[in-house]
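Overview (structure and organization)
Listed below, chain by chain, are the residues.
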Amino acid sequence: MQDSPFPRPLVVGIDVGGTKTHLRACAGDDLTADHVRPSAGWQPHDPVAAADWLCALVDEALPAGARPSSVAVGAHACETPRQCEEIRSVLQGRLGVPCLVVGDAELLVPAAGLDKGVGLVAGTGSVAVGRRLDGTLVQVGGWGAALGDEGGAAGLVREAARAVWAAHDRGEAPDTLAEGLISAFGVSEVPALGAALEKATDISAEWGRHAPVVFEAVASGSLVAGEVVAEGGRSLASLVVRLAERGVPVDDVVVSGGTVLAQPALHDALLASLAILLPGARLRPLRVPPVEGAVALARSLA
């Protein structure tokens, strides 16, 4: 890259999500680039490929001749400090400027303008992260729809199906939740839901897109759906409890994700559970794009 034509440091923040990537570059207070593209091709388990992908994104998004002074990345599926460090090392070698790579959930706290706290994501999946006072990263949850992700869209659909099967086994007639799932998965009866769920090739995406059925059933008065959502809220609050037990400050819980922020029933269930389990914790819905957290981290490197 050529020397940057900008008189002030050009900081670059990148939020690599599961489906889309958001790059934002700023020179001082001036927005220089705001670029969104699909995350297709992102390979977080191959540090060389991941760094090459990020470099290509920087070249694509920045004005001609612009050179970043620092780059911070919040990366989907970057699950351990070692994995993040491997990508950071290659990326910094490629760009020749200070770089930082963290998991995407770590962007939430700095995006909210805080220097400590918990980042809690409940979108398609769910995960919570925070740092102890000595800076040690702690992450809980995020185990995927097959085994975990409670409170995320895919996990809610999985638990809704389990609840519907349990009601069927008790001899109860299908309620609005059962009818909604039957319709969504294109089957004729409750017992057929199992095969329909197992046919999914990308279970997080294919299960998760049916989560609105659960919330529609709550609105229609389904007690079964109401308990599924209540349990989802308790599960999300339990992630924060686990962080607290491991020494992470949890006074501020910054929450993001299309499921929890778009669905008041889940948000309220999370808030109610936090009030019981951690009365001192403050829930802070994130109202700015998470990439703002990446920009804040990049500024700290410049």
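Note that the structure is a prediction, hence the values are computed from the model and not measured. (Residues numbered from 1 in each chain as written. Predicted model: local features only at pLDDT ≥ 70, side-chain atom pairs only at ≥ 80, totals over all residues. Heavy atoms only, no water.)

**Quick word on the side chain of Ser 273**
Along the polypeptide, Ser 273 turns up in helix H11 (residues 264–277). Once residues within four sequence positions are removed from consideration, Ser 273 is found in contact with Gly 233, Arg 234 and Ala 237. (Helix = DSSP H or I, 4+ residues; strand = E, 2+ residues; numbered from the N terminus. Contact = heavy atoms within 4.5 Å.)

**Topic: the pattern of salt bridges**
Within the structure shown, the criterion is met by 13 salt bridges. The residue Glu 106 makes a salt bridge to Arg 131 at a minimum N-O spacing of 2.9 Å. In this pair, Glu 106 sits in the loop between strand S5 (99–103) and helix H3 (108–111) while Arg 131 sits in strand S7 (residues 126–131), placing the two residues 25 residues apart along the sequence. The exposure class assigned to Glu 106 is buried, which follows from its relative accessible area of 14%. (Salt bridge = Lys/Arg side-chain N within 4 Å of Asp/Glu carboxyl O. Buried < 20%, exposed > 50% of the residue type's maximum accessible area, 1.4 Å probe, protein only.)

**Digging into the pairing of strand S6 (residues 118–122)**
Looking along a regular strand, one sees the side chains alternate between the two faces of the sheet. Taken across its five residues, S6 has four buried, putting it largely inside the fold. In textbook terms, the turn of a hairpin is the stretch between consecutive antiparallel strands, and for S6 and S7 this stretch comprises three residues. (Pairing = 2+ DSSP bridges.)

**Details of the environment of Gly 74**
Following the sequence through the fold, Gly 74 ends up in strand S4 (residues 70–75). Put simply, Gly 74 and Asp 169 are 95 residues apart on the chain and 44 Å apart in space, counted from C-alpha to C-alpha. Residue contacts for Gly 74: discarding those within four places in its chain leaves Ile 14, Asp 15, Val 16, Val 102, Gly 103, Asp 104 and Leu 107.

**Some details on helix H5 (residues 176–184)**
Those residues of H5 lying buried are Leu 177, Ala 178, Leu 181 and Ile 182. In an axial view of H5, the angular spread of the buried residues amounts to 135°, which keeps them on one side of the axis. If you follow the buried residues of H5, they end up packed against helix H4 (153–169), helix H6 (193–198), helix H8 (211–219) and helix H9 (223–245). Two or three places before Leu 177, at the opening of H5, Asp 175 has a side-chain oxygen 3.0 Å from that residue's backbone nitrogen. Remark: Gly 186 follows H5 within two positions and exhibits a positive phi of approximately 65°. (Arc of directions from axis to C-beta. Polar contact = N/O pair within 3.5 Å; in protein donor to acceptor, adjacent residues only side chain to side chain.)

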